[in-house]
Amino acid sequence: MDCNVRPESMARITTKALANAFIDEQVAAIRAEVGDKKVLLALSGGVDSSVVAALLVKAIGRQLVCVHVNHGLMRKNESEDVIEIFKNQMDANLVYVDATDRFLDLLAGVSDPEKKRKIIGKEFIEVFADEARKLEDITYLAQGTIYPDILESQKQAEGKKAVKSHHNVGGLPEDLKFKLVEPIKLLFKDEVRVVGEALGLPHAMVYRQPFPGPGLGVRCLGAITRDRLAALREADAILREEFALSGLSEKVWQYFVVIPDIKSVGVKDESRYEGWPAIIRAVNTTDAMSATIEEIPYTILHKITARITAEVDGINRVLYDLTPKPVGTIEWE
Ligand code: XMP
């Protein structure tokens, strides 16, 4: 039987009891496969890699080595949260790499979105490979592959074209040959979340909204600059805070801020003040292939606008993107 095909008899994991049964089964399977060997995992802090990390910590403890690469394009506090949860609370064997300068130096002056994606994807693999070479006796590589990833690559293999190139840790250099461990590869996203909660991961991490691999890099439009990236990170944090306070974070699938590479004229302290516009995007979708716009109450939009323009240096306007997908993609780049 093809182990990349979900058997029809496999029950959908919808309850904690079913999740616990899955966890027990996987823990036994991982221990049997891995024995006393070491496993490497690129831990981004996303739902899938976090659930795989928690599952492997349960199965093999410190035989799992997690590498968290901060590419400098993370949202506010994301890397800090990864360290707190996995290193401090779960006692995972975690290597933290701050590669911000490597990424931002390579991206300086690059404005084409696909070129940015390629640079980020390639550099991610290089940083990860550099760390992997420093480690000794690693036999396995764990990945947070989930069932939709398998279905999507089958579709691409059949010749259907992807709109954007998504990246994960594929294509490691020749000298790094690992055996793969992919314990959640037959699960759908909703099942991964149920398993994550059963493993004791925080609700906010398990129900984290999707975040693209290239991170804020495709939301700081055009050529990325450190000052605009910093403004984006702060504005995005305010948006997320206000969505959480108003309960919108439970209702909206993906919401974020985008900052284009343009300035408009404003006034501050009775003087001319040129600043960037912050664009808010909030969409609902089931499969990310099409998306509708969430109608955000004006009171909330006013509050977010007031906070962003008052609290974030360099932003003097806030706009709300009303475009569904199609015709606009969810991300601007
Ligand atoms: P689009 O912009 O294509 O986005 O409508 C659909 C979903 O995919 C996410 N996205 C990405 N995810 N790497 C990723 O891992 C990428 O390069 C990338 N580009 C878009 C996007 O956030 C949305 O959830």
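Here, every reference points to the structure presented above.
Right, let's walk through the structure included here. Remember, predicted model here, so these are calculated numbers, not experimental data.

Scanning the chain from N- to C-terminus turns up 10 helices and 10 strands. Relative to the compact-globule value of 20 Å for 333 residues, the chain shows a C-alpha radius of gyration of 21 Å, a close match. In terms of overall dimensions, the chain has a C-alpha envelope of 70 × 45 × 40 Å along the principal axes. Taken across its 333 residues, the chain has 50% of its residues classed as buried. Pairs at least 24 residues apart make up 78% of the contacts formed inside the chain by residues separated by at least 6 positions. Element-wise, carbon and sulfur atoms account for 53% of the exposed surface of the chain, whose accessible area totals about 16600 Å². If the 43 positive side-chain charges of the chain are averaged to one point and the 50 negative ones to another, these points end up 2 Å apart.

Let us now look at the packing of helix α1 (residues 16–34) against helix α2 (residues 47–60). The contact between α1 and α2 brings their axes to 9 Å, and the two run at 65 degrees. Remark: the crossing between α1 and α2 carries right-handed chirality. In this structure, α1 uses F22, I23, Q26, V27, I30, R31 and V34 to contact α2, whose residues at the interface are L55, L56, K58, A59 and I60. Residue composition of the contact of α1 with α2, by class: 9 nonpolar, 1 polar and 2 charged.

Moving on, we come to unusual backbone geometry. Residues K325 and P326 are joined by a peptide bond in cis, for which omega reads -15 degrees. Within the secondary structure, P326 is located in the segment after β10 (315–320). Phi is positive for A288, close to 65 degrees, though the residue is something other than glycine.

Here we come to the packing of helix α9 (residues 226–246) against helix α10 (residues 298–311). Packed helix pairs are specified by the crossing angle of their axes together with the interaxial distance, meaning the distance between the axes. Remark: α9 packs on α10, axes separated minimally by 10 Å, with the N-to-C direction vectors making an angle of 150 degrees. Judged by the angle between their axes, α9 and α10 are roughly antiparallel. Note on packing geometry: the crossing formed by α9 with α10 is right-handed. Residues A235, I238, L239, E241, E242, F243, L245 and S246 of α9 form the contact with α10, whose participating residues are I300, K303, I304, R307, I308 and E311. Along the lines of polarity and charge, the residues of the contact of α9 with α10 split into 8 nonpolar, 1 polar and 5 charged.

In this section: the packing of aromatic side chains. Enumeration according to the criterion identifies 2 aromatic pairs in this entry. Taking the centre distance of 5.5 Å and the plane angle of 90 degrees together, the rings of Y147 and F188 count as edge-to-face. Placement of the pair is Y147 in helix α6 (residues 147–157) and F188 in the loop between β5 (179–181) and α7 (189–198), with a sequence separation of 41 residues. We classify Y147 as buried; its relative accessible area is 9%. Ring geometry for F243 against Y255: centres 4.6 Å apart, planes inclined by 25 degrees, an arrangement best described as stacked. Of this pair, F243 sits in helix α9 while Y255 sits in strand β6 (residues 254–258), and the two are 12 residues apart along the sequence. Taken individually, F243 and Y255 each receive the classification buried, so the pair is uniform in this respect.

Let us look at the environment of A223. Tracing the chain through its elements places A223 in the loop between α8 (203–206) and α9. According to the relative accessible area criterion, A223 is buried, its value standing at 18%. For the pair formed by A223 and V257, sequence separation is 34 residues and the distance between their alpha carbons is 16 Å. Excluding its chain neighbours within four sequence positions, the residues that come into contact with A223 are G109, V110, S111 and R228.

This brings us to the environment of S264. Position of S264 among the secondary structure elements: in strand β7 (residues 264–268). Aside from chain neighbours lying at most four places away, what touches S264 is Y273, E274, G275, N316 and R317. Only 2.6 Å separates the side chain of S264 from the side chain of R317, close enough to count as a polar contact.

Rules behind the numbers
Residues numbered from 1 in each chain as written. Predicted model: local features only at pLDDT ≥ 70, side-chain atom pairs only at ≥ 80, totals over all residues. Heavy atoms only, no water. Helix = DSSP H or I, 4+ residues; strand = E, 2+ residues; numbered from the N terminus. Rg over C-alpha atoms; globule rule 2.2 N^0.38 Å. Buried < 20%, exposed > 50% of the residue type's maximum accessible area, 1.4 Å probe, protein only. Contact = heavy atoms within 4.5 Å. Areas by Shrake-Rupley, 256 points an atom, 1.4 Å probe, with all protein chains shown as cover. Lys, Arg positive; Asp, Glu negative; His and termini not counted. Charge placed at Lys NZ, Arg CZ, Asp CG, Glu CD. Axes fitted to C-alpha atoms, helices over the stretch in contact; angles between N-to-C directions. Left-handed = near helix turned anticlockwise from the far one by under 90°. Nonpolar A, V, L, I, M, F, W, Y, C, P; charged D, E, K, R; others polar. Parallel < 35°, antiparallel > 145°, perpendicular 65-115°, else oblique. Phe/Tyr/Trp six-rings, centres within 6.5 Å; stacked < 30°, edge-to-face > 60°. Polar contact = N/O pair within 3.5 Å; in protein donor to acceptor, adjacent residues only side chain to side chain.

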